[in-house]
Amino acid sequence: MIKPLPALLPVLLALAVACSPSRNETHVGTVRVDPSDTEEAIIEKAANLVPTPRQLEAMENGFIGFLHFGPNTFTQREWGTGFEDPAVFDLKELHTDEWCREMKEAGMKMVILTVKHHDGFCLWQTRYTTHGIMSTGYKDGKGDVLRELSESCREYGLKLGIYLSPADLYQIESPDGLYGNLSPKTMRTIPREVEGRPFANKTTFRFELDDYNEYYLNQLFELLTEYGPISEVWLDGAHPKRKGGQTYDYTAWREVIRTLAPDATVFGREDVRWCGNEAGETRDAEFNVVTFDEDPAVMTAFEDMLGELGTREVYTSHAKPFYLHYLPAETDVSIRAGWFFSDDENQGVRSADNVFDIYERSVGGNSILLLNVPPNREGRFSERDASVLREVGRRIRETYGEGCGLLAGAKGPKRALDGCQDTWAKADGMVVRLREPVTLNRIILREPVGSVGERIESFAVDARIDGRWTEVASGTNVGFRRIVRLPDVTTDTLRIRILSSRAEPLLSGIEAYRYQEK
Ligand code: OTN
């Protein structure tokens, strides 16, 4: 068992001169590398590339939740076929308040619901198909899972995101299905009017579209205008089956999303990328400045980004011209063996130790943790999942507390607030003096990525022990947030050494904590 922790350890940060070194030219989101750029110029561009405000907010959210729910919950399958009778979604009760309470308590800032998974079944009252909750017995066909979730999110102060699967097996397999039906592209108005179901939002769009892209955009319009603010649009890259050479008109999707939900990040395209696995694995160095052959602002197809990303070697061996693009990784992983709830006897559930470890490596490794907690057939979280969430939330709170925690009692320096990227100091040789000797085993470092860029490639931390400097930890990059885990060390002075960086290394935050396992 874990004992309650002592209060946050007070550490003095010797940012006596919270200086603001002169800025290089920064670029927001994307910068082009020209054939004439030397290796030095490329590295300088990478070191001065900052995220968009949307991306910065996504990094600040840090820990967010995923809800896979639908016919698969009842059929106990991971991948539906599209042939399911909607009635298999035999929901009798729905406890979205409980989902939100548990996710909030775990420390999550947003929840993303699979409003439509690959099977094509819709969890909201869409106007454009009957393959969904309107054809089930839940509330006599009047129920709306997204509506209930959006109300609970509002009550619990959680942001809301939607997963609207681009793949759609119902539309692929049905005789009159729209996916890959070889329909010609013609000018169409989004949203398409449906008699008796007017829209309060009077925005309209005109695009040249085929049937499936029109269907997808009509649904996006409903989701982005009728359920309150949507903070993330999750575009899965999975393709269970393809038909008829169907393509996705992402240029139109992007315009609709940016117009109706300008603050929403788009997963799987130019705002947030897949980390590359679904097992909670993280890279030792997750650099978020990645490369593209084309300008991602106009790209329509985004391949999964796997393997080594964002290193000097990748930049300098890339064929020119190319684009450097800020693209944070989202580490998506399920608390259960599988994305959907199956059963409580045989389906493995990750331990709190395991989830907390993933949390520290992902949120503390310059990425975002998207943890899936699938509701069960009673419309609740299984107690096995909920107890893990509670324990993880307790460890996060008791170890890291609320907010930034740049440590109380600092003499002179400004407090670098969580997410505040405006104050920074030179990182190399930075000395942190504690008010008294303390025992610590966690250090958080932050770079001012929002205003300067990601620069640090490797660092070491020294502690003064018995009057001598001793190296107690080392690591790779820092970025938005690096959680450094080290054995218990008792000291009254810490020193940061930067071993390698792409430009002048700066820190906007340093914090120290003690995690107690027992
Ligand atoms: O079979 N798959 O489609 C698959 C198997 C294992 C791991 C991932 C996938 S699909 C993959 O899912 C990601 C989200 O977890 C992203 O959406 C990727 O774009 C997609 O390729």
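Note that the structure is predicted; figures quoted are calculated from it, not measured.

**Quick look at the overall build of the protein**
Move 1: Along the backbone of the protein there are eleven helices and 22 strands.
Move 2: Since a compact globule built from 518 residues should have a radius of gyration of about 24 Å, the 24 Å found for the protein is in line with a globular shape.
Move 3: The principal-axis extent of the C-alpha atoms belonging to the protein is close to 75 × 60 × 40 Å.
Move 4: A total of 518 residues make up the protein; the buried ones form 60% of that total.
Move 5: A separation of at least 24 residues holds for 79% of the contacts in the protein among residues at least 6 apart in sequence.
Move 6: As displayed, the protein has an accessible area near 20,500 Å², and 48% of this comes from carbon and sulfur atoms.
Move 7: If the 62 positive side-chain charges of the protein are averaged to one point and the 81 negative ones to another, these points end up 4 Å apart.

**Structural notes on the confidence of the model for the protein**
Move 1: With 91% of its residues at a pLDDT of 70 or more, the protein shows a mean pLDDT of 91.
Move 2: In this model residues 1-22 is a low-confidence stretch, pLDDT under 50, and it forms 76 contacts with partners more than four residues away in sequence or in other chains.
Move 3: Taken together, the stretch residues 403-421 has pLDDT below 50 and engages in 52 contacts with residues farther than four places along the chain or on a different chain.

**Details of the sheet that holds strand β9 (residues 232-234)**
Move 1: Strand order in the open sheet formed by eight strands is β10-β9-β6-β5-β4-β15-β14-β11, with parallel pairing between adjacent strands. Looking at strand neighbours, the two that pair on one side only are β10 (265-267) and β11 (273-274), the edges of this open sheet.
Move 2: As defined by bridge partners, strand β6 (residues 159-164) adjoins β9 across three bridges and the pair is classed as parallel. Bridge pairing links glycine 161 to glutamate 232 in β9.
Move 3: On top of the sheet, helix α10 (residues 352-362) reaches β4 (63-67), β14 (329-334) and β15 (367-372); it is set at about 155° to β15, its chief contact.

Cut-offs used in this document
- Residues numbered from 1 in each chain as written.
- Predicted model: local features only at pLDDT ≥ 70, side-chain atom pairs only at ≥ 80, totals over all residues.
- Heavy atoms only, no water.
- Helix = DSSP H or I, 4+ residues; strand = E, 2+ residues; numbered from the N terminus.
- Rg over C-alpha atoms; globule rule 2.2 N^0.38 Å.
- Buried < 20%, exposed > 50% of the residue type's maximum accessible area, 1.4 Å probe, protein only.
- Contact = heavy atoms within 4.5 Å.
- Areas by Shrake-Rupley, 256 points an atom, 1.4 Å probe, with all protein chains shown as cover.
- Lys, Arg positive; Asp, Glu negative; His and termini not counted.
- Charge placed at Lys NZ, Arg CZ, Asp CG, Glu CD.
- pLDDT = per-residue confidence, 0-100.
- Pairing = 2+ DSSP bridges.
- Axes fitted to C-alpha atoms, helices over the stretch in contact; angles between N-to-C directions.

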